[in-house]
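Structural features, examined
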Amino acid sequence: MSRGAAPVRQLPGTADEIRARVPAVLEAYEFTRDNVLRRGVVDQDLKELCFRFLADAPATRDVAGRTERERAALEWAEAIAYDSDRAGDALWSRLHALFSEFELVDLGCAIGFELGYQHWRRTIGLAPRDD
Amino acid sequence: MLVWDPEGADRRVWSRLREHFSDEQIVELGSFVALTYGQQRVIKTWAVGHAELPAHPTAGLAADSDEPG
């Protein structure tokens, strides 16, 4: 998953303007955004930290000063994005100790949706995130 | 390309896509791949494969996903 030069933009407009070319695509995105990415049972700041990690924000690579929940969430995000084998018994033991199962479903699905959306944006030459 | 090397979707890739798909179809197909890719990466860390959730054996996104993928 290299981060070479951004490809030439092939579809004009913002991400939502591009999605709007197919109304069902925009509707599906807005549903996941409003119900999973921006809402849920997990603290929104923790989700945003994981989303910035997926976008390769350098500040998220330094775990010094992070809480145990933040560290475990970032390690899980790394496993989801790059190597699922890293989500072994040791990490799962920590995740279960730090999060409820409701939170794990919410956080895991949010990371998955965001990962896919960021990759989709990158293929059309957009930055992984708007911010 | 979307999964493994998003920045590799260069003019050549887009030119080939446009030989076979309209822009609207490209938007829909790309969104489908993105959604499926992200959620499959999550369930892989649960040690669950595509369409392997025991309570919902036909829960895959594909319309004819009766068989495990």
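These lines cover the structure that appears in this document, whether it is placed above or below. Residue positions are given per chain, counting from 1 as you read along its sequence in written order. As they are written, the chains are lettered A onward and the ligands numbered 1 onward, keeping that order. Confidence filtering applies because this is a predicted model: local features only for residues at pLDDT of at least 70, side-chain atom pairs given and counted only at 80 or more, and all residues used for totals across whole chains, interfaces and linings. Side-chain calculation: all heavy atoms of the structure are included, whereas hydrogens and water are not.

1. Things to note about the interface of chain A and chain B
Stated formally: Here, two residues are considered to be in contact whenever any of their heavy atoms come within 4.5 Å of each other. Put simply, buried area is the surface a 1.4 Å probe can reach on two separate parts but cannot reach once they are joined, added for both. Salt bridges are defined as contacts in which a side-chain nitrogen from Lys or Arg sits within 4 Å of a carboxyl oxygen from Asp or Glu. For this analysis, a polar contact is any N or O atom pair within 3.5 Å, provided that within protein one partner can donate a hydrogen and the other can accept it, and provided that sequence-adjacent residues contribute only side-chain to side-chain pairs. Think of it this way: any DSSP run of H or I at least four residues long counts as a helix, any run of E at least two long counts as a strand, and we number them from the N terminus. In this classification, Asp, Glu, Lys and Arg are treated as charged, Ala, Val, Leu, Ile, Met, Phe, Trp, Tyr, Cys and Pro as nonpolar, and every other residue, Gly included, as polar.
Chain A puts 36 residues into the contact, and the matching count from chain B is 26 residues. Here chain A and chain B share an interface that buries about 2800 Å² over both sides, 63% of which is from carbon and sulfur atoms. Viewed at the interface, chain B and chain A are joined by 2 salt bridges. Asp23 of chain B is the salt-bridge partner of Arg21 of chain A, the closest N and O atoms lying 3.5 Å from each other. Between chain A and chain B we count 11 residue pairs in polar contact (both at pLDDT 80 or more) in total. Of all the secondary structure elements, the ones that give two or more residues to the side of chain A that touches chain B are α1 (15-19), α4 (68-82) and α6 (101-123) of chain A. Sort the elements by how many residues they give to the side of chain A that touches chain B and α6 of chain A lands first, with 11 residues. Looking at the side of chain A that touches chain B residue by residue, the classes come out as 22 nonpolar, 9 polar and 5 charged.

2. Things to note about a nonpolar patch on the surface
This is how it is decided: What goes into a patch is any residue over 30% in relative accessible area without a salt bridge, connected to like charges within 9 Å or, for nonpolar side chains (Val, Leu, Ile, Met, Phe, Trp, Tyr), within 5 Å. Computed by Shrake-Rupley with a 1.4 Å probe, the accessible areas treat only the displayed protein chains as cover when residues are assessed.
On the surface, Phe21, Leu29, Phe32 and Val33 of chain B cluster together into a nonpolar patch covering about 300 Å² of accessible area. Looking at the secondary structure, you find Leu29 of chain B in helix α2 (residues 23-45).

3. A closer look at the packing of α4 of chain A against α2 of chain B
Rules: Axis definition: a line fitted to C-alpha atoms, over the contacting stretch in the case of helices. Angles run 0 to 180 degrees between N-to-C directions. Note that the term roughly parallel is reserved for angles under 35 degrees, roughly antiparallel for angles over 145, roughly perpendicular for angles of 65 to 115, and oblique for everything else. Each helix crossing is assigned a hand: it is left-handed if the near helix lies turned anticlockwise from the far helix by less than a right angle, otherwise right-handed if that turn is clockwise.
The geometry of α4 of chain A relative to α2 of chain B is characterised by a closest axis approach of 8 Å and an angle of 120° between their N-to-C directions. When the axis of α4 of chain A is compared with that of α2 of chain B, the two are oblique. The handedness of the crossing between α4 of chain A and α2 of chain B comes out as right-handed. Two secondary-structure elements touch here, α4 of chain A through Trp76, Ala79, Ile80, Ala81 and Tyr82 of chain A and α2 of chain B through Tyr37, Arg41, Val42 and Thr45 of chain B. Among the residues making up the contact of α4 of chain A with α2 of chain B, the classes are represented as 7 nonpolar, 1 polar and 1 charged.

Read these as spatial facts, not as claims about activity.
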